[in-house]
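Reading the structure
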Amino acid sequence: MWNIDDLDLDAYLARIGHDWVHPSADALRSLHRAHVLAIPFENIDVILGTHPGIGLDAIQAKLVGRQRGGYCYEHALLFAAALEQLGFDVVRRVARVQPHKAGPRTHALLKVGVDEQEFLADVGFGAGQLYPTPLKDGAVVDQAGWDHRLTLDGDLWTLSKQTSDGWIPQHASNDEPVRPIDYEVYHHYVSTHPNSPFTGRPVVMRVAEGVVRRLVGNTLTIEHANGQTTERSVPPADLPDVLASLDVILSEEEVDRLRHV
């Protein structure tokens, strides 16, 4: 149903700089980290009106072949196919973003089973999740310097982030079955609806240990785990260099169109 055999696993592993591994909890953690560090979160093709869709062939051509990034559907579907080819048990999920507010149920993520354990694998949530989270009520994981906690209420798992204002919900999900057509519908909304956060301005995010970098619109924010934050406006002339620093390499034609948009 998910066409995982369409993935060139060797090319994917080369893209993230990781060796073949046998399924284990340690291998999942290593693969998750390698994927997030190698492949940017970005919506540039949505802004340019050239998004190729979320078929696995299109995702592979873009994120692996062109060495570009993508957003949650692309990341989750690519990572799921790689994990399944390696022998992990994978369930594709959908989460409601900011469940304590009026957030949409449009975020793609994974439940992964290995070593008689289950984990939430979330390689496409902006710059938030560097490591998988054990699917256990109250589990806390240090995500590159920011604690995140998973809690269970009924059948709903909520991921929250520790902030100066307390634990802030990020998204909530359960085991309601997901089909490819569901992802297609959610992707259509996220990539075309005027109220989507990804249709009106560039969003590029990168995470590393202790630091998160975000380009949202023309504002570049660098946030450190120690609380230090810097912010600056990016003029059009600096856009190619800033995008390149975030591992998003565009052609001259793409840069010109992005400046115009």
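Now for a look at the structure at hand.

Description of the sheet that holds strand 3 (residues 105-114)
The antiparallel open sheet is built from eight strands, whose spatial order is 5-4-3-2-9-8-7-6. Of all strands in the sheet, those bounded by a partner on one side alone are strand 5 (133-134) and strand 6 (139-143). Strand direction decides the pairing type here: strand 2 (residues 89-97) and strand 3, joined by eight bridges, are antiparallel. Looking across to strand 3, one finds that V91 is bridged to K111. Most of the contacts of helix 5 (residues 72-86) go to strand 3, to which it runs at about 15°, and overall it touches strand 2, strand 3 and strand 4 (117-121). Together, strand 2 and strand 3 form the strand contacts of helix 6 (residues 180-192), whose direction differs from that of strand 3 by roughly 140°.

Some thoughts on the packing of aromatic side chains
This model, assessed by the stated rule, comprises five aromatic pairs. For the ring pair F41 and F198, a centre distance of 5.8 Å and an interplane angle of 55° mean the geometry is tilted. Of this pair, F41 sits in strand 1 (residues 41-42) while F198 sits in the loop between helix 6 and strand 10 (203-208), and the two are 157 residues apart along the sequence. Neither residue differs from the other here; F41 and F198 are each classed as buried. Centre to centre, the rings of Y73 and Y183 are 5.7 Å apart; their planes meet at 65°, and the pair counts as edge-to-face. With Y73 in helix 5 and Y183 in helix 6, this pair connects stretches of sequence that are 110 residues apart. Residue class for Y73 comes out buried when judged on its relative accessible area of 0%. Among the residues examined, Y183 registers a relative accessible area of 1% and is labelled buried. Members of the aromatic cluster, connected to one another through ring pairs, are W2, F41, Y71, Y73, Y183 and F198.

Quick word on the sheet that holds strand 12 (residues 219-224)
The strand order 1-10-11-12-13 describes an open sheet built from five strands, whose pairing is antiparallel. Each having just a single partner strand, strand 1 and strand 13 (229-233) make up the two edges of the open sheet. Bridging between strand 1 and strand 10 involves two bridges; their strand directions are antiparallel. The residue bridging F41 from the neighbouring strand is M205, located in strand 10.

What about the pairing of strand 4?
Bridge count between strand 3 and strand 4: five bridges; the pairing is antiparallel. Of the residues in strand 4, the one forming a bridge with K111 is L120. Relative to strand 5, strand 4 runs antiparallel, the two being bridged by two bridges. Along strand 5, the bridge assignment pairs F119 with P134.

How each quantity is defined
Each chain carries its own residue numbering, running from 1 in the written order of its sequence. Two thresholds apply to this predicted model, a pLDDT of at least 70 for residue-level local features and 80 or more for giving and counting side-chain atom pairs, whereas whole-chain, interface and lining totals are computed over all residues. Computation of side-chain values: all heavy atoms of the structure, hydrogens and water removed. Only when DSSP finds a minimum of two bridges between them are two strands counted as paired. Only DSSP runs of H or I reaching four residues or more are called helices, and only runs of E reaching two or more are called strands; each is numbered from the N terminus. Contacts were defined at the residue level, with two residues in contact if any of their heavy atoms lie within 4.5 Å. In this description, a line fitted to the C-alpha atoms serves as the axis of each element, helices being fitted only across the stretch in contact, and the angle between N-to-C directions of two axes falls anywhere from 0 to 180 degrees. For Phe, Tyr and Trp, rings pair up if their centres lie within 6.5 Å, where Trp contributes its six-membered ring, and each pair is then called stacked (planes under 30 degrees apart), edge-to-face (over 60) or tilted (otherwise). With a 1.4 Å probe rolled over the protein chains alone, any residue whose accessible area is under 20% of its type maximum counts as buried; one over 50% counts as exposed, and the rest are partly exposed.

Function cannot be read off these values alone, since they describe shape.
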